[in-house]
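As a plain string of letters, each chain reads:
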Amino acid sequence: AQSVTQLGSHVSVSEGALVLLRCNYSSSVPPYLFWYVQYPNQGLQLLLKYTTGATLVKGINGFEAEFKKSETSFHLTKPSAHMSDAAEYFCAVSDHRSGANSKLTFGKGITLSVRP
Amino acid sequence: ETGVTQTPRHLVMGMTNKKSLKCEQHLGHNAMYWYKQSAKKPLELMFVYNFKEQTENNSVPSRFSPECPNSSHLFLHLHTLQPEDSALYLCASSQVYGSGLRTDTQYFGPGTRLTVL
């Protein structure tokens, strides 16, 4: 079984400040990890993903995330927040099992607010 | 049209109505998914179709009936819903590879906001 924990439901930062959104996962196999963003009245859009290789992954809109196996974490960061980053962010894990239908398990999401 | 489209974007229905949600993907993918997104809850996977065959039904009540006539279209037929079924229903698609059936990134539509009165 796999699971994702996103602690807290809301993060508020000032424009220009560091954004840090935390994600911890549980998986019985080496995971594939994803961050999705959802803007109001829209579907989910992929920000970035980790499969194998380099543990620091860069995504769209200046976001990046680092896979830390020892900490079972995949935290999302952005050095300088922009007003347009205000949205809901979802972390997800895939078990990508060979010979079976892998599926995504999502965290409950976290809302990012950006103050002027 | 590009990506994944869903119609209608908003739907209000009574508990005795029958309605259908439509999803179409223009990405050439062979797997499609229905998710339910309720406030303050994680996304709930409802159904999975690989190569037009249903491969997962996540204990979804029978008042939700999916249909996948081809790999580009997915429907969710709704009948005698309950107010607690009010939610955002998201469709997604991905490419499932033949060897090992590893699912790649899922691409989501904008969703249908369903309100059951």
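Structure report, in brief. (Residues numbered from 1 in each chain as written. Chains lettered and ligands numbered in written order. Predicted model: local features only at pLDDT ≥ 70, side-chain atom pairs only at ≥ 80, totals over all residues. Heavy atoms only, no water.)

## Quick look at the overall build of chain A
Across its full length, chain A carries zero helices and 12 strands. Overall, chain A shows an N-to-C arrangement of helices and strands of β-β-β-β-β-β-β-β-β-β-β-β. Computed over C-alpha atoms, the radius of gyration of chain A comes to 14 Å, within 12% of the 13 Å expected from 2.2 N^0.38 for 116 residues, which places it in the range of a compact globule. Taking the principal axes of its C-alpha atoms as reference, chain A extends roughly 50 × 30 × 25 Å. Within chain A, buried positions represent 43% of all 116 residues. In the structure as shown, chain A presents an accessible area of about 5400 Å², 54% of it carried by carbon and sulfur atoms. For chain A, the centre of its 10 positive side-chain charges and the centre of its 7 negative side-chain charges are spaced 5 Å apart. (Helix = DSSP H or I, 4+ residues; strand = E, 2+ residues; numbered from the N terminus. Rg over C-alpha atoms; globule rule 2.2 N^0.38 Å. Buried < 20%, exposed > 50% of the residue type's maximum accessible area, 1.4 Å probe, protein only. Areas by Shrake-Rupley, 256 points an atom, 1.4 Å probe, with all protein chains shown as cover. Lys, Arg positive; Asp, Glu negative; His and termini not counted. Charge placed at Lys NZ, Arg CZ, Asp CG, Glu CD.)

## Description of the state of the cysteines
All names here are of chain B. One pass over the structure, following the stated rule, counts two disulfides over all chains. The disulfide partner of C23 is C91, and the gap between their sulfur atoms is 1.9 Å. On the sign convention where negative means left-handed, the S-S torsion of about -75° between C23 and C91 marks this disulfide as left-handed. On the criterion of sequence distance, the pair formed by C23 in strand β3 (residues 18-25) and C91 in strand β9 (residues 87-94) is long-range, its members being 68 residues apart. The pair C23 / C91 is uniform in exposure class, with both members buried. (Disulfide = S-S within 2.5 Å.)

## With respect to the pattern of salt bridges
Under the defined criterion, the tally for this structure stands at four salt bridges over all chains. E64 of chain A is paired through a salt bridge with K58 of chain A; the nearest N and O atoms lie 2.8 Å apart. Taking the relative accessible area as the measure of exposure, E64 of chain A reaches 22% and is therefore partly exposed. Between K41 of chain B and E44 of chain B there is a salt bridge, and its shortest N-O distance comes to 3.4 Å. (Salt bridge = Lys/Arg side-chain N within 4 Å of Asp/Glu carboxyl O.)

## Thoughts on the side chain of Q6 of chain B
Residues and elements named next belong to chain B. Following the sequence through the fold, Q6 ends up in strand β1 (residues 4-7). A polar contact is formed between the side chain of Q6 and the backbone oxygen of Y89, at a distance of 3.0 Å. One polar contact links the side chain of Q6 to the main-chain amide nitrogen of C91, over a distance of 3.0 Å. Once residues lying within four places of it in the same chain are set aside, the contact partners of Q6 are K22, C23, W34, Y89, L90, C91, G109, P110, G111 and T112. (Polar contact = N/O pair within 3.5 Å; in protein donor to acceptor, adjacent residues only side chain to side chain. Contact = heavy atoms within 4.5 Å.)

## Focus on unusual backbone geometry
Omega for the bond connecting T7 of chain B with P8 of chain B falls within 30 degrees of zero, at -10°, which places this linkage in the cis form. Note on placement: P8 of chain B falls in the loop between β1 and β2 (10-13). One non-glycine residue with positive phi stands out, namely T72 of chain A, at about 45°. Turning to its location among the elements, T72 of chain A is positioned in the loop between β8 (64-68) and β9 (73-78).

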